[in-house]
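Structural overview for review
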Amino acid sequence: MKINIGISETSTRKVVDELSKLLADEFMLFTKTKNAHWNVEGIGFHGLHAFFEGQFIQIDEIVDRIAERIRSLGHFSLASLKDFLQHARLSETIQGDHSAVSFIKNLSNDHQSLMITLRANIDLFATEYKDYGSSDFLTSLIVEHEKMAWMLSAHLNDKLTSI
């Protein structure tokens, strides 16, 4: 049984389409962060290994919440690697080597891209589609990405001054 949440099916579909792209991007970021966790090399390996683990755990929780938001809007979420690759705007490729600096720059750029996309959709969801719940949901995600990007940036600044 479909629940009437007070939003037209057309608007809900548009929100779900954007949330699906976001889900794919977040899954891509999760995968890239896992890659950094597994493959980072160099001085400070152990600390970076743990740092990246903390970030991919946080992103995994975000992925789950986005999929559940899509379900709560009455649609099915993407759930295959093929679907994620088709819908993602972020690249799955890490540019550079397996150094901390390379991984951190790549991940930081992806967080920044996500924050720009989230900000663009907050007002769109609220004003155009009248989905204030999804708009608020995106606002909460920005806060998380801002903190993760800050942590990456602070780590990068530390790495550059210690080299």
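Residues numbered from 1 in each chain as written. Predicted model: local features only at pLDDT ≥ 70, side-chain atom pairs only at ≥ 80, totals over all residues. Heavy atoms only, no water.

As a further point, take the overall build of the chain. Counting its secondary structure elements, the chain contains five helices and zero strands. Helices and strands appear in the chain in the N-to-C order α-α-α-α-α. Against the globule reference of 15 Å for 163 residues, the chain gives a C-alpha radius of gyration of 17 Å, in line with a compact fold. Dimensions of the chain, computed from C-alpha atoms along their principal axes, come out at roughly 55 × 30 × 20 Å. Every one of the 163 residues in the chain was classed for burial, and the buried ones make up 45%. Within the chain, contacts between residues separated by at least 24 positions form 79% of all contacts whose residues are at least 6 apart in sequence. For the chain, the accessible surface area stands at approximately 8,800 Å², while carbon and sulfur atoms represent 55% of it. Where the 16 positive side-chain charges of the chain centre and where its 22 negative ones centre are 4 Å apart. (Helix = DSSP H or I, 4+ residues; strand = E, 2+ residues; numbered from the N terminus. Rg over C-alpha atoms; globule rule 2.2 N^0.38 Å. Buried < 20%, exposed > 50% of the residue type's maximum accessible area, 1.4 Å probe, protein only. Contact = heavy atoms within 4.5 Å. Areas by Shrake-Rupley, 256 points an atom, 1.4 Å probe, with all protein chains shown as cover. Lys, Arg positive; Asp, Glu negative; His and termini not counted. Charge placed at Lys NZ, Arg CZ, Asp CG, Glu CD.)

The next point concerns the nonpolar core. The biggest cluster of nonpolar side chains holds 44 residues, and the ones touching the most others in it are Leu19, Leu22, Leu23, Phe52, Ile66, Leu138 and Leu141. Elements represented by at least two residues in this core include exactly α1 (9-39), α2 (45-72), α4 (100-128) and α5 (132-162). If near-sequence neighbours (up to four positions away) are discounted, Leu23 is found in contact with Val63, Ile66, Ala67, Ile70, Ser77, Leu78 and Phe84. (Core = buried A, V, L, I, M, F, W, Y, C linked by side-chain atoms within 4.5 Å.)

A positive phi is found at Lys130, a non-glycine position, where the angle reads about 60 degrees. Tracing the backbone shows Lys130 in the loop between α4 and α5. On the basis of relative accessible area, Lys130 is assigned to the partly exposed category, the value being 48%.

Under the counting rule described, the total for this entry stands at eight salt bridges. Arg89 is the salt-bridge partner of Asp25, the closest N and O atoms lying 2.8 Å from each other. Here Arg89 lies in the loop between α3 (81-87) and α4 and Asp25 lies in helix α1, a separation of 64 residues in the sequence. Owing to a relative accessible area of 2%, Asp25 belongs among the buried residues under this scheme. Note that Asp131 is salt-bridged to Arg69, the shortest N-O span being 3.2 Å. Linking Asp131 in the loop between α4 and α5 with Arg69 in helix α2, this pair joins segments that are 62 residues apart in sequence. (Salt bridge = Lys/Arg side-chain N within 4 Å of Asp/Glu carboxyl O.)

The next subject is the environment of Ile104. Looking at where Ile104 falls in the secondary structure, it is placed in helix α4. Residue classification places Ile104 among the buried positions, given a relative accessible area of 0%. Leave out the neighbours within four places in its chain, and Ile104 touches Leu48, Phe52, Leu152, His155 and Leu156.

Note that all results are geometric; they support no functional claim without further evidence.
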